[in-house]
Amino acid sequence: MNISLKKDEKLLYLLRELYRQYGYRSFRMSKFEKYELYAGNKDFLVSDRVITFTDTNGELLALKPDVTLSIIRNASFAPGRKQKLYYQENVYRPGGSSHQFREIMQSGLECIGDLDSYDVYEVLYLAAKSLKEISEQSVLSVSHLGILSSLAEAIGAEEEDQKLLLHLAAARNSHELTELFRNRGWDEALLEELKELLRLNCTMKALPDLLRESTSGWIEESVLKELKELSELSGEQDALMRFDLSVINDTHYYNGIVFQGFVQGISEKVISGGRYDSLLRRMNRRGSGIGFAVYFGILELMLRGGEVFDAEVLVLYDENTPLIRVKDTVRKLQEAGKTVSAQRSDAGGHYRETLDIRGGTENA
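Residues numbered from 1 in each chain as written. Predicted model: local features only at pLDDT ≥ 70, side-chain atom pairs only at ≥ 80, totals over all residues. Heavy atoms only, no water.

**Q** Help me out: how do you make sense of helix α4 (residues 117-134) in this one?
**A** Three- or four-residue spacings in an α-helix give side chains the same orientation, since the helix completes a turn every 3.6 residues. With 18 residues, α4 extends 26 Å from end C-alpha to end C-alpha; this agrees with the ideal 26 Å at 1.5 Å per step. The opening residue of α4 is Asp116, an N-cap whose side-chain oxygen sits 3.0 Å from the backbone nitrogen of Tyr118. (Helix = DSSP H or I, 4+ residues; strand = E, 2+ residues; numbered from the N terminus. Expected span 1.5 Å × (residues − 1). Polar contact = N/O pair within 3.5 Å; in protein donor to acceptor, adjacent residues only side chain to side chain.)

Laid out in structure tokens, this is it:
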């Protein structure tokens, strides 16, 4: 059977099948959760604005602005095991240029439990494959927060200075980074190495060797070990994954690998994710976690670009048209892969073409 799907429906189907191939199972949740789940983790959310209401028992509830927090809340840890979940859920948060609350489709996956480098690579690979399903012209920018935390330790940066260092690195602000190093009396040789890393753009396969060449040994061995393992897993098919040290997610929640996905024609990131062991600890959960979300709200204009039709073909008939002819005409068009609406009037609809069989005639 030839089924015609809208672009967003087709993408959801392709992503669902992709995630299932790698053993991810569907996670479903209700439209709302207890507000306290989001109140303590607002910095993790895309927006800190949440729609709330009071239940009949007086409990404060919220329409879900996020799915990851619900998955973590329900996660359980067992040594040697991991939960692999994907979701395709509507979330409720401000969106679009008006920043008004909207119901927005979000797809993504989470891998939680006793994780190793293969699990990290698999999630990165699935994020890159998801991007490619959206557009051939795409890139997954990948970083490791352990690189900048190693630098902060090497120069002896205090907590507030660490935040400033991350902020300036994310903005690639070379001038203010120079001022910060000079004002704090930090080693300017390390500043030059940081600037070199911010200019670095390479595949994950080439990254470990380039890091060793570009730095004087201050990156923690555990970080280099993980990046080397990811490098060994990467191949030519992973060309979409590019190292970019300026990719920095909130360090209160994320640690290790972080990444953002971009497609040509859209300035905002359409995929965001990373390793979030810190978030698990904040929510009193054991183990490790990594995942990502695909932001359909941002993709909306691309996916729904062009005209939107009620059906591809409008078949017009009247009381003089044999109903068997209406049936046969509709079936024939459907077998050709077209969507069809049979109507007695063309008022109020929007169609790509019209087939008029009223009174026994046939006029396209």
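**Q** Any chance you could explain the nonpolar core here in plain terms?
**A** As a rule of thumb, nonpolar side chains are buried together in soluble globular proteins. Within the largest apolar cluster, 99 residues are counted, with the highest numbers of intra-cluster contacts made by Ile147, Phe259 and Phe292. With residues up to four places along the chain from it excluded, the contact list for Ile147 reads Leu197, Leu211, Trp218, Ile219, Val223, Leu227, Phe243 and Leu245. Counting nine residues, the second-largest nonpolar core is a separate cluster that includes Val315, Val326, Leu333 and Val340. (Core = buried A, V, L, I, M, F, W, Y, C linked by side-chain atoms within 4.5 Å. Buried < 20%, exposed > 50% of the residue type's maximum accessible area, 1.4 Å probe, protein only. Contact = heavy atoms within 4.5 Å.)

**Q** Is there a simple way to explain the environment of Ala311 in this structure?
**A** The topology assignment puts Ala311 in strand β12 (residues 311-316). Ala311 gets classed as buried once you look at its relative accessible area, which sits at 5%. Sequence spacing of Ala311 and Phe296 is 15 residues, and the spatial spacing of their C-alpha atoms is 23 Å.

**Q** What is the right way to read the pairing of strand β4 (residues 60-63) from this model?
**A** Side-chain direction in a regular strand flips from residue to residue, so the side chains alternate between the two faces of the sheet. Sheet analysis places strand β2 (residues 32-34) next to β4, joined by three bridges and oriented antiparallel. Bridged to Glu33 within β4 is Ala62. Between strand β3 (residues 52-54) and β4, which pair antiparallel one after the other, the connecting turn spans five residues, and Gly58 there sits at a positive phi close to 90 degrees. (Pairing = 2+ DSSP bridges.)

**Q** Teacher, can you tell me more about unusual backbone geometry here?
**A** Unusually for a residue other than glycine, Arg172 sits at a positive phi of about 55 degrees. When you line up the elements, Arg172 lands in the loop between α6 (159-170) and α7 (174-184). Arg172 gets classed as partly exposed once you look at its relative accessible area, which sits at 41%. Its identity as a non-glycine residue notwithstanding, Asn284 has a phi of 55 degrees, on the positive side. Mapping Asn284 onto the fold places it in the loop between α11 (277-282) and β11 (288-295). In this structure Asn284 comes out as exposed when scored by relative accessible area, which is 69%.

**Q** Hey, could you run me through the sheet that holds β2 in this one?
**A** Strands belonging to one sheet form pairs held by backbone hydrogen bonds; the direction of such a pair is parallel or antiparallel. Read from one edge to the other, the open sheet built from three strands follows the order β2-β4-β3, with strand pairing classed as antiparallel. Of all strands in the sheet, those with a lone pairing partner are β2 and β3, marking the two edges. Strand-to-strand, the axes of this sheet are offset by a mean angle of 35 degrees, without reference to chain direction. Bridging between β3 and β4 involves three bridges; their strand directions are antiparallel. Opposite Phe53, over in β4, you have Leu61 as the bridge partner. (Axes fitted to C-alpha atoms, helices over the stretch in contact; angles between N-to-C directions.)

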